[in-house]
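Each chain is listed here by its residues.
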Amino acid sequence: MRLLSTVLVSSLALATSTFAQTPPTQGWPASRPATPPAQPSRPPQAGNAPAAVPLPSWFAEADVDKNGEITRAQFLAYRMKSFEELDSNKDNKLSLEEYSKVAEPPYSVDAPGGPTVEERRNRARVEFQNLDTDRSGFVERAEAEVLVHSEFNQYDTDRDNRLTEPEVRLIVQRALARQSAERQQIEARRREGLTALNDLMDIHLRDADQIDKDHNGRISQQEYLVLAGPADGKEAQGLLPMDIRRKIIIRKFQEIDTDKDGVLSRVELTAYALRQFLESDLNKDRFLNEEEGKKAQERETEKVKAFLQTLQPPAPPQQQQQRPAPAQPPRGGQPQPAPGLAPGLPQGTR
């Protein structure tokens, strides 16, 4: 019954930029590729004192007045440069095709051990869906500006509509500490045998790539039907009939295919996977343990059983047994059949 378990469970994972170029709370892509921050020189006789948190390079670029401060208007203008660059037809909104350019140079570059350009495009599609809050199929300028203002607010700790070096260094320091703690937590949980979202993404997106035989980043229903397994032979022993398995797989395909275009995109696969993960993470600790995985499979099995019930032909309605009417005197010399019985059948045979 392995075919009845959840298929292609993965997760949404957005690419993160380094602190050197974009803020750690970024909601909008940067205008240029990340560059290493200028490392502060250690002061003389520093001894064992910790080095100061490096100031991100974007601070100097946004500080057009070079006065050590960034106003809200300056920050907005700097961060919205990427929107203007991506908006190739200058209609003040971004289509998916325009936004997907963030996966390519100069916005994103290949790095040793980093995601490929195709993986970056897939993640950009997911980001686009999150940015398109009104589901219009476009990212409007106002939608992007909301994120930039929110980002500014996270740095502007004293709420004076100006960003100073100490404020930015403080937020960067907190973000670095938070990321370090999260990495340690993930590693500790992994040693305990728990599964994190990123682990599932790496495993199951590779499985999806194996199904995608023409390597176009989209899975057709015919490609997806390979999950139904073999039609006959030794490997098919103990499985449901092939036509039933195909119906189960088609049902799963239709559940994932939210835009009903007959193919599964990476966005649809990851969105479905996220829903499955959130439903399975019962204790909401962002990890799946063995018990949660077992319960998730049990839920999926129950769903398939319920679906199989819909494939059963409806049972014929039970015919009501009726008491025979009192014997009537014969008319015309011919006896009449009792009500509820077919003519010619002796009473008691139905």
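Above this text you will find the structure in question.
Residues numbered from 1 in each chain as written. Predicted model: local features only at pLDDT ≥ 70, side-chain atom pairs only at ≥ 80, totals over all residues. Heavy atoms only, no water.

1. Focus on the overall build of the chain
Line of reasoning, step 1. Counting its regular elements, the chain contains twelve helices and eight strands.
Line of reasoning, step 2. Per-residue burial for the chain yields a buried fraction of 34% across its 350 residues.
Line of reasoning, step 3. Looking at the chain alone, contacts between residues at least 24 apart form 61% of all its contacts between residues at least 6 apart.
Line of reasoning, step 4. For the chain, the accessible surface area stands at approximately 21,400 Å², while carbon and sulfur atoms represent 53% of it. (Helix = DSSP H or I, 4+ residues; strand = E, 2+ residues; numbered from the N terminus. Buried < 20%, exposed > 50% of the residue type's maximum accessible area, 1.4 Å probe, protein only. Contact = heavy atoms within 4.5 Å. Areas by Shrake-Rupley, 256 points an atom, 1.4 Å probe, with all protein chains shown as cover.)

2. Quick word on helix H11 (residues 266-280)
Line of reasoning, step 1. In this model H11 runs 21 Å from its N-terminal to its C-terminal C-alpha over 15 residues, within 8% of the 21 Å that 1.5 Å per residue would give.
Line of reasoning, step 2. Where H11 is concerned, the buried positions are Arg266, Val267, Glu268, Leu269, Thr270, Tyr272, Ala273, Gln276, Phe277 and Ser280. (Expected span 1.5 Å × (residues − 1).)

3. Details of the nonpolar core
Burial of nonpolar side chains together is a common tendency in soluble globular proteins.
Line of reasoning, step 1. Core analysis: the largest hydrophobic core is formed by 29 residues, its most contacted members being Trp28, Trp58, Tyr99 and Val168.
Line of reasoning, step 2. Among the elements of the structure, helix H1 (57-62), helix H2 (72-79), helix H3 (81-86), helix H5 (117-131), helix H6 (141-155) and helix H7 (165-191) are those that each provide at least two residues to this core.
Line of reasoning, step 3. No other element matches the four residues that H6 contributes to this core.
Line of reasoning, step 4. Judged by nonpolar contacts, the second largest core, of twelve residues, contains Ala208, Phe253, Ile256 and Tyr272. (Core = buried A, V, L, I, M, F, W, Y, C linked by side-chain atoms within 4.5 Å.)

4. What to know about H5
Because an α-helix completes one turn every 3.6 residues, residues spaced three or four positions apart along the sequence face the same direction.
Line of reasoning, step 1. Between its terminal C-alpha atoms H5 stretches 20 Å, which fits the 21 Å expected from 15 residues at 1.5 Å a residue.
Line of reasoning, step 2. By the burial criterion, the buried members of H5 are Arg120, Asn122, Ala124, Val126, Glu127, Phe128 and Leu131.

5. Observations regarding the pattern of salt bridges
Line of reasoning, step 1. Here the structure, examined in full by the defined rule, presents 18 salt bridges.
Line of reasoning, step 2. Note that Glu84 is salt-bridged to Arg141, the shortest N-O span being 3.1 Å. Of this pair, Glu84 sits in helix H3 while Arg141 is found in helix H6, placing the two residues 57 residues apart along the sequence.
Line of reasoning, step 3. In this structure Glu84 comes out as partly exposed when scored by relative accessible area, which is 37%. (Salt bridge = Lys/Arg side-chain N within 4 Å of Asp/Glu carboxyl O.)

6. Quick word on the packing of aromatic side chains
Line of reasoning, step 1. The final tally for this structure, using the stated rule, is six aromatic pairs.
Line of reasoning, step 2. With 6.0 Å between their ring centres and 55° between their planes, Tyr99 and Phe128 make a pair best called tilted. In this pair, Tyr99 sits in helix H4 (residues 96-99) while Phe128 sits in helix H5, placing the two residues 29 residues apart along the sequence.
Line of reasoning, step 3. Among the aromatic residues, those joined into a ring-pair cluster are Trp58, Phe59, Phe75, Phe152 and Tyr155. (Phe/Tyr/Trp six-rings, centres within 6.5 Å; stacked < 30°, edge-to-face > 60°.)

7. Overview of the environment of Asp134
Line of reasoning, step 1. Looking at where Asp134 falls in the secondary structure, it is placed in the loop between H5 and strand E3 (139-140).
Line of reasoning, step 2. Judged by relative accessible area, Asp134 falls into the partly exposed class, the value being 44%.
Line of reasoning, step 3. Leaving out residues up to four positions away in the same chain, Asp134 has contacts with Glu140 and Glu143.

8. A closer look at unusual backbone geometry
Line of reasoning, step 1. The residue after Pro105, namely Pro106, is reached through a cis peptide bond having omega 5°.
Line of reasoning, step 2. Along the chain, Pro106 falls in the loop between H4 and H5.
Line of reasoning, step 3. In this model, Arg135 sits at a positive phi of 55°, which is unusual for a non-glycine residue.
Line of reasoning, step 4. Looking at the element boundaries, Arg135 is found in the loop between H5 and E3.
Line of reasoning, step 5. For Arg135, a relative accessible area of 56% corresponds to the exposed category.
Line of reasoning, step 6. Phi angles above zero are rare outside glycine, and Arg286 is one such case at about 70°.
Line of reasoning, step 7. Secondary-structure assignment places Arg286 in the loop between H11 and strand E8 (287-288).

9. As for the environment of Gln129
Line of reasoning, step 1. Checked against the element boundaries, Gln129 lands in helix H5.
Line of reasoning, step 2. Take Gln129: its relative accessible area is 33%, and that puts it in the partly exposed class.
Line of reasoning, step 3. Each C-alpha atom of the pair Gln129 and Val267 lies 8.3 Å from the other, and the pair is 138 residues apart in sequence.
Line of reasoning, step 4. What Gln129 contacts, discounting residues up to four positions off in sequence, is Arg135 and Val267.

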